[in-house]
Amino acid sequence: MVRNVAGLLPELEPEDFYLLSGVEQGMRFSEWVQREKLPKFSGLTEEEVDYRLERCLKRGLVEKKTIQYEGYTLQFEGYDVLALRALVERDTISGFGSPLGVGKESDVYEVKSYKPLALKYHREGYTNFREVNRERDYTSENRHVSWMYTARKAAEREYETLEALYPDVSVPRPIDQNRHAIVMEKMPGVELSRAKLEDEQVVGVLELLLGEIARAREAGYVHADMSEYNVFVAEEGVTIFDWPQAVPTDHANAAEFLRRDVRNLLGYFRRKYPRAVPDDLDADAVAASIEAGTFESVEAHAD
Ligand SMILES: Nc1ncnc2c1ncn2[C@@H]1O[C@H](COP(=O)(O)OP(=O)(O)OP(=O)(O)O)[C@@H](O)[C@H]1O
Ligand SMILES: [Mg+2]
């Protein structure tokens, strides 16, 4: 798990950030950035570089190796602190709150602004990053460092999709993005997996969700990771989130992903609320009507 770096922000000085972004720049060329190159990348003097490296090492923001040459690389914590500082500098966020969700592929925290927001750090390359770091010796052949690139690309993709879908589809409103982090509105409600719907609410909620899936498709996207864990339900309605893997509708597998999304959702409703879901509701027929742009209601498919 990646530590929460928000508490470090007040004690870090501008020169610490020059050093960190110097290491980040060097990492465009190789995983381990040579000590000698850091004055150039960071714009700091030799002495200043040593002093700042010491401070950043102590705080677990960078890592050092001395095989072949003395080199430095960013820890995920160092990358987090760079993204967080950028978001604070441009007034996107003004304070940090508690965790909203901690997973294998992301860490999500509440953050403060004019209203409560959610900050999602993407961690897509994380597992890979730990293994690779231990076992492999990087050379300058690497055009980019894969964990950093993977996490940043995922954040960019998710942010672009949210921007394309909001407000036509009920997704969290996108606010800002930097590096591997995105800021969005905090959703009301609870995960569908933890919600306890009354039998008479079930078809209504299912229908709302299928309606959102249909609108997303009309707007050009298929979610492709639909499950009870990526949906929030609240008094105000439903929200579909977690979009980094979404595919455009002209993607070769879009129809297949759409079918799988609908099957997943319907399968979940059927298992959890067997009495409330009509027996003859067929997932593939629903998916086909969404695909054809003719989906209207659950009822129309249930007889
Ligand atoms: N905008 C938001 N508002 C409130 N809570 C959120 C928000 N975004 C995410 N969360 C919380 O954080 C959790 C994880 O978010 P998300 O599903 O986007 O990432 P993930 O599950 O780690 O990604 P993946 O499904 O790829 O593993 C969610 O289950 C939810 O509880
Ligand atoms: Mg998720």
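Coordinates for the structure precede this section.
Below is a short write-up of the structure. Nothing here was measured: the structure is a model prediction, and the numbers come from that model.

1. Description of the site of ligand 1
The environment of ligand 1 is formed by 18 residues, the closest being Gly101, Gly103, Glu105, Ser106 and Asp242. Within the residue set of the shell around ligand 1, elements represented by two or more residues are β4 (95-102), β5 (106-112) and β6 (117-122). Split into classes, the residues belonging to the shell around ligand 1 amount to eight nonpolar, four polar and six charged.

2. Considerations on the sheet that holds strand β3 (residues 71-74)
Taking strand neighbours across the sheet as the criterion, the three strands line up as β1-β3-β2 in an open arrangement whose pairing is antiparallel. Edge positions in the sheet fall to β1 (33-34) and β2 (62-65), since each of these pairs with one other strand and no more. Pairing between β2 and β3: four bridges, direction antiparallel. Bridge pairing in β3 places Lys65 opposite Gly71. Against the sheet, helix α1 (residues 14-26) contacts β1, β2 and β3, and its axis sits at roughly 100° relative to β3.

3. Examining the environment of Lys120
Note that Lys120 resides in strand β6. A sequence separation of 76 residues divides Lys120 from Lys196, and the C-alpha atoms of the two residues are 26 Å apart. Ignoring anything within four residues of it in the chain, the contact list for Lys120 reads Ser106, Val108, Ala181 and Ile182.

4. A look at unusual backbone geometry
Negative phi values dominate among residues other than glycine, just as trans dominates among peptide bonds. Omega for the bond connecting Tyr166 with Pro167 falls within 30 degrees of zero, at 0°, which places this linkage in the cis form. Position of Pro167 relative to the elements: it lies in the loop between α6 (146-165) and β7 (174-178). Positive phi values are uncommon outside glycine, yet Arg179 reaches one of about 50°. On the basis of neighbour counts, which here come to 20 C-beta atoms within 10 Å, the residue Arg179 falls in the buried class. Positive phi is not limited to glycine here, since Asp242 has a value of about 65°. For Asp242, the position within the fold is in the loop between β12 (237-240) and β13 (247-248). Here Asp242 falls in the buried class, since 22 other C-beta atoms lie within 10 Å of it.

Conventions we followed
- Residues numbered from 1 in each chain as written.
- Chains lettered and ligands numbered in written order.
- Predicted model: local features only at pLDDT ≥ 70, side-chain atom pairs only at ≥ 80, totals over all residues.
- Near = placed C-beta within 6 Å.
- Helix = DSSP H or I, 4+ residues; strand = E, 2+ residues; numbered from the N terminus.
- Nonpolar A, V, L, I, M, F, W, Y, C, P; charged D, E, K, R; others polar.
- Pairing = 2+ DSSP bridges.
- Contact = placed C-beta atoms within 7 Å.
- Axes fitted to C-alpha atoms, helices over the stretch in contact; angles between N-to-C directions.
- Buried ≥ 20, exposed ≤ 12 C-beta atoms within 10 Å, placed from the backbone.

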